[in-house]
Amino acid sequence: RERRLLGNTAAKGEDSTKGEEKWLAKSLSVEMYGSSLVAIGSGIVANIVVENSGSMRPIDAFATYDGKPLFFRGGYITAFDACIVPLVLSATIMTVFWDENYGERASNAN
């Protein structure tokens, strides 16, 4: 009798998680699809930025080491320079709008 009681409880638990698994699978598939689109778009934007930046050249206003410049602009490094814009924008949005989730607090603290 105890085995049957526990077996029925487990079966009911499995029924309740089937819907959650369905939504989890849907969420993960949408996330994978969206992540792929962002990666493709980022690659296209990086390619356009690099093609239009010209050749790599030193930035004379910054420090040098043994007469050789340390900082450059243009060329293939432009894609990395361009990523600073979405990085700063994302960090600003997260800082302003992200509320930390501390969970529920007990109303009657003894």
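Structure first, text after, so check above.
Our subject in this report is the structure included herewith.

1. Digging into a nonpolar patch on the surface
A cluster of nonpolar side chains, namely Phe62, Tyr65, Leu70 and Phe71, defines an oily patch on the protein surface of about 460 Å² accessible area. Positionally, Leu70 belongs in the loop between strand E3 (68–69) and strand E4 (72–73).

2. Topic: the environment of Asp60
Mapped onto the secondary structure, Asp60 falls in the loop between strand E1 (57–58) and strand E2 (64–65). Considered as a pair, Asp60 and Leu70 are 10 residues apart in the sequence and their alpha carbons are 9.1 Å apart.

3. What to know about the side chain of Ser53
In this fold, Ser53 is placed in the loop between helix H1 (2–52) and E1. Since its relative accessible area comes to 15%, Ser53 is described here as buried. A polar contact is formed between the side chain of Ser53 and the backbone oxygen of Val50, at a distance of 2.9 Å. At 3.1 Å, the side chain of Ser53 forms a polar contact with the backbone nitrogen of Gly75. Residues within four places of Ser53 in sequence aside, it is in contact with Gly74, Gly75 and Thr78.

4. Some remarks on the side chain of Thr78
On the secondary structure map, Thr78 appears in helix H2 (residues 78–82). At a separation of 3.2 Å, a polar atom in the side chain of Thr78 contacts the side chain of Ser53. The residues touching Thr78, leaving out its near neighbours within four places in the chain, are Val49 and Ser53.

Conventions adopted
Residues numbered from 1 in each chain as written. Predicted model: local features only at pLDDT ≥ 70, side-chain atom pairs only at ≥ 80, totals over all residues. Heavy atoms only, no water. Patch = residues over 30% accessible without salt bridge, like charges linked within 9 Å, V, L, I, M, F, W, Y side chains within 5 Å. Areas by Shrake-Rupley, 256 points an atom, 1.4 Å probe, with all protein chains shown as cover. Salt bridge = Lys/Arg side-chain N within 4 Å of Asp/Glu carboxyl O. Helix = DSSP H or I, 4+ residues; strand = E, 2+ residues; numbered from the N terminus. Buried < 20%, exposed > 50% of the residue type's maximum accessible area, 1.4 Å probe, protein only. Polar contact = N/O pair within 3.5 Å; in protein donor to acceptor, adjacent residues only side chain to side chain. Contact = heavy atoms within 4.5 Å.

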